[in-house]
Amino acid sequence: MEDLQQLLKKNKYKKIKFRITKTRHLLLKAKINGISGTFILDTGASNSCVGFECVGLFSLDAKKSRTKAAGAGATGMTTQVSKNNTLQIGSWKSAELHLVIFDLSHVNEALIQHKAKPVNGIIGADILMEGKAIVDYENCCLYLR
């Protein structure tokens, strides 16, 4: 049988390494609008998002949103939205990334309490679906097409 990596490469998938943190989160580097950041890869998050404090860092055009966010341990959080951003994860690119912007302090506080470094945001199912993602947990690789 053909090796999984070779099969995916043949089918034009891009291989992206991630690492597993002390807190068992999947962590990867990505660029939004050409600026590097650290993100949790979260298959359970419906949308990719960044914290309010990253609006300037990633040069986001943030607009008000009526949508309330909910996540692990928090509900009813105020959000903003930023449309048509670029995202690059490894050599994979998306030119029309829409981001949810909300208060990620509860996530980062939990990471810091476990002696892990804070993150800029979360890569969610919107990107995983767009890239027809395959997550190889054993080899700590994300494949996007």
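These numbers were taken from a predicted model, which means no experiment stands behind them.

Rules of the game
- Residues numbered from 1 in each chain as written.
- Predicted model: local features only at pLDDT ≥ 70, side-chain atom pairs only at ≥ 80, totals over all residues.
- Heavy atoms only, no water.
- Salt bridge = Lys/Arg side-chain N within 4 Å of Asp/Glu carboxyl O.
- Helix = DSSP H or I, 4+ residues; strand = E, 2+ residues; numbered from the N terminus.
- Buried < 20%, exposed > 50% of the residue type's maximum accessible area, 1.4 Å probe, protein only.
- Pairing = 2+ DSSP bridges.
- Axes fitted to C-alpha atoms, helices over the stretch in contact; angles between N-to-C directions.
- Contact = heavy atoms within 4.5 Å.
- Disulfide = S-S within 2.5 Å.

Within this structure, the stated rule accounts for one salt bridge. The closest approach of N and O atoms between Asp-61 and Lys-63, which form a salt bridge, is 3.6 Å.

This paragraph deals with unusual backbone geometry. Positive phi outside glycine occurs at Asn-33, with the angle close to 50°. Structurally, Asn-33 can be placed in the loop between strand 3 (26-32) and strand 4 (35-41). One non-glycine residue, Asn-84, adopts positive backbone phi at about 60°. For Asn-84, a relative accessible area of 52% translates into the label exposed.

A word on the sheet that holds strand 1 (residues 14-17). Strand order in the open sheet formed by three strands is 1-11-10, with antiparallel pairing between adjacent strands. In this open sheet, the two edge strands, each paired with only one partner strand, are strand 1 and strand 10 (134-136). Strand after strand, the sheet turns through a mean of 25° between neighbouring axes, direction not considered. Here four bridges tie strand 1 to strand 11 (residues 141-144), and the two strands are oriented antiparallel to one another. What sits directly across from Lys-17, in strand 11, is Cys-141.

On to the side chain of Ser-82. Along the polypeptide, Ser-82 turns up in strand 7 (residues 74-89). Residue contacts for Ser-82: discarding those within four places in its chain leaves Leu-60, Asp-61, Leu-97, His-98, Leu-99 and Ile-101.

Counted by the stated rule, this structure contains zero disulfides. Of all cysteine sulfurs, the one in Cys-140 lies closest to Cys-141, which takes part in no disulfide; the gap is 7.1 Å. A relative accessible area of 0% places Cys-141 in the buried class.

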